[in-house]
Amino acid sequence: MPALLDIQNIHKAFGGNVVLQGASLNVMPGEIVGLLGPNGSGKSTLLNVASGFTRADSGEVRFEGQDISRLPAHRIVHHGMARTFQLPSMPSKMSVLEVTLAADTRLHGVWSTLLKPSAVREAEAEALQQANQLLDSLLLTPVKQLAASAISGGQKKLLSIACALMARPKLLMLDEPTAGVHPNLRRDIVQTLQRLRAQGISQLIVEHDMHFVREVCTRCIVLDRGQIVADCKPEELSSHPQVIEAYLGRAAAQAAQMKAA
Ligand SMILES: Nc1ncnc2c1ncn2[C@@H]1O[C@H](COP(=O)(O)OP(=O)(O)OP(=O)(O)O)[C@@H](O)[C@H]1O
Ligand SMILES: [Mg+2]
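A brief report on the enclosed structure follows.

Thresholds, definitions, all that
- Residues numbered from 1 in each chain as written.
- Chains lettered and ligands numbered in written order.
- Predicted model: local features only at pLDDT ≥ 70, side-chain atom pairs only at ≥ 80, totals over all residues.
- Heavy atoms only, no water.
- Helix = DSSP H or I, 4+ residues; strand = E, 2+ residues; numbered from the N terminus.
- Rg over C-alpha atoms; globule rule 2.2 N^0.38 Å.
- Contact = heavy atoms within 4.5 Å.
- Pairing = 2+ DSSP bridges.
- Near = heavy atom within 4 Å.
- Polar contact = N/O pair within 3.5 Å; in protein donor to acceptor, adjacent residues only side chain to side chain.
- Areas by Shrake-Rupley, 256 points an atom, 1.4 Å probe, with all protein chains shown as cover.
- Nonpolar A, V, L, I, M, F, W, Y, C, P; charged D, E, K, R; others polar.
- Buried < 20%, exposed > 50% of the residue type's maximum accessible area, 1.4 Å probe, protein only.
- Salt bridge = Lys/Arg side-chain N within 4 Å of Asp/Glu carboxyl O.
- Core = buried A, V, L, I, M, F, W, Y, C linked by side-chain atoms within 4.5 Å.

### Looking at the overall build of the protein chain
Then step 1. Looking only at helices and strands, one finds ten helices and ten strands in the protein chain.
Then step 2. On C-alpha atoms alone, the protein chain measures out to a radius of gyration of 19 Å, which is about the 18 Å that the 2.2 N^0.38 rule sets for 261 residues.
Then step 3. Taking the principal axes of the C-alpha coordinates as reference, the protein chain spans close to 70 × 40 × 40 Å.
Then step 4. Within the protein chain, contacts between residues at least 6 apart in sequence are counted, and of these 66% link residues at least 24 apart.

### Focus: the sheet that holds strand β2 (residues 17–27)
Then step 1. An order of β2-β1-β4-β5 is seen for the four strands of this open sheet, with the pairing classed as antiparallel. Each end of this open sheet is capped by a strand with a single partner; those strands are β2 and β5 (66–67).
Then step 2. By the bridge criterion, two bridges tie strand β4 (residues 58–63) to β5 in an arrangement that is antiparallel. Residue R62 lies in a different strand from β5, and its bridge partner there is D67.

### What about the site of ligand 1?
Then step 1. Near ligand 1 there are 14 residues, and of these G40, K43, S44, T45 and Q86 occur at the shortest range.
Then step 2. Between an oxygen atom of ligand 1 and a side-chain N or O atom of N39, the distance comes to 2.9 Å.
Then step 3. Here G40 contributes a backbone N or O atom positioned 2.8 Å from an oxygen atom of ligand 1.
Then step 4. When isolated, ligand 1 has an accessible area of 640 Å², and the protein chains bury 61% of it.
Then step 5. Mapped onto the shell around ligand 1, the elements with two or more residues apiece are β2 and α1 (43–50).
Then step 6. Counting residues per element, the shell around ligand 1 draws most heavily on α1, at three residues.
Then step 7. Tallied by class, residues from the shell around ligand 1 come to three nonpolar, nine polar and two charged.

### Quick look at unusual backbone geometry
Then step 1. Backbone geometry at E64 places phi at a positive 50°, although glycine is not the residue there.
Then step 2. Position of E64 relative to the elements: it lies in the loop between β4 and β5.
Then step 3. Overall, E64 belongs to the partly exposed group, its relative accessible area being 42%.
Then step 4. A positive phi angle is found at L139, which is not glycine, with a value near 65°.
Then step 5. With respect to the helices and strands, L139 occurs in the loop between α5 (117–137) and α6 (153–166).
Then step 6. Looking at L139, the relative accessible area reads 44%, which means it is partly exposed.

### Some points on the environment of V206
Then step 1. Tracing the backbone through its elements, the reader meets V206 in strand β8 (residues 202–206).
Then step 2. Overall, V206 belongs to the buried group, its relative accessible area being 0%.
Then step 3. For V206 and L71, which are 135 residues apart along the polypeptide, the C-alpha to C-alpha distance reads 22 Å.
Then step 4. Contacts of V206, omitting those with residues within four sequence positions, involve L35, K43, L47, L174, D175, E176 and P177.

### Things to note about the pattern of salt bridges
Then step 1. One pass over the structure, following the stated rule, counts eight salt bridges.
Then step 2. Measuring nitrogen to oxygen at the nearest pair gives 3.0 Å for the salt bridge that ties D231 to R219. Of this pair, D231 sits in strand β10 (residues 227–232) while R219 sits in strand β9 (residues 219–224), placing them twelve residues apart in sequence.
Then step 3. Taking the relative accessible area as the measure of exposure, D231 reaches 48% and is therefore partly exposed.
Then step 4. In this structure, the salt-bridge partner of R225 is D224, at a minimum N-O distance of 3.0 Å.
Then step 5. Since its relative accessible area comes to 11%, D224 is described here as buried.
Then step 6. Connected through shared salt-bridge partners, E31, R219 and D231 make up one network.

### Comments concerning the nonpolar core
Then step 1. Ranked by size, the top nonpolar core spans 46 residues in total, and within it L159 and L237 carry the most contacts.
Then step 2. Considering every element that reaches this core, the biggest residue donor is α6, with eight residues.
Then step 3. If we skip the residues at most four places from it in the chain, L159 touches M90, V96, V99, T100, L135, L140, A148 and I151.
Then step 4. Counting residues in hydrophobic clusters, the runner-up holds 28 residues, among them I68, L171, M173 and L223.

So, in structure tokens, the structure goes:
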């Protein structure tokens with residue numbers, strides 16, 4: 001089966017700071033892949049490269065077999081890949097509902113100006129229904145008329161997931177979706193992501209919380225200093241020598257190996 005997302009040999013430096021050093025990973029249809037690694041290891045940069053927000057120095061990104069390495073972010077969304085950001089910022093003059101509606105890619109771009117007024121009205125009505133459903137499923141109905149900038153940090157995370165889903169993606173990429181989110185909300189996010197997977201939406205999720213990763217992810221990839229050091233099942237993470245070394249240092253990895261011997 002061909003990969004949905006195939007990232008090959010990505011190199012990226014910011015000035016003298018080498019951030020990605022030949023990182024490769026793939027996401028197969030139906031998977032929820034967790035992308036883990038210490039702070040500064042390059043996880044968000046890799047998501048930025050995959051989604052067209054940062055241009056790699058070299059390497060290739062393919063989506064459903066098509067080379068998208070040089071496409072801008074808005075074109076990549078049309079291919080079926082949407083993402084959220086680690087620190088979502090929201091416009092102050094738009095309500096939660098308006099921000100969600102604005103994320104509907106069908107109403108953007110040159111082609112939408114070619115639609116008949118009746119088709120535009122139909123698309124707008126569909127978008128409104130979809131936005132209301134998504135806001136409801138992410139528990140944002142009570143705040144949907146508030147300014148998007150005025151809702152809590154956790155609610156902004158949920159809103160950014162709603163916005164990404166408005167694009168009806170085949171692959172959803174989330175950058176730390178549960179960081180700073182209350183445990184009750186976290187449970188709702190976990191259920192939402194599992195429901196989305198059942199609907200056929202594959203996912204690539206940057207996450208530090210091991211509990212979340214074990215519950216949600218079908219496979220894990222660990223990045224350390226810009227290189228992939230592990231590609232394993234979630235339950236193998238805690239005994240994987242390179243993962244222990246990435247998080248706790250070489251001495252801890254050697255101690256764990258000696259203990260296992
Ligand atoms: N636009 C940029 N300009 C300069 N340096 C950058 C830029 N984006 C990222 N970096 C650098 O790249 C390195 C990796 O950052 P990145 O945000 O990818 O890490 P991360 O793995 O997502 O970390 P965290 O877990 O803290 O979110 C850092 O040293 C960061 O300063
Ligand atoms: Mg990050």
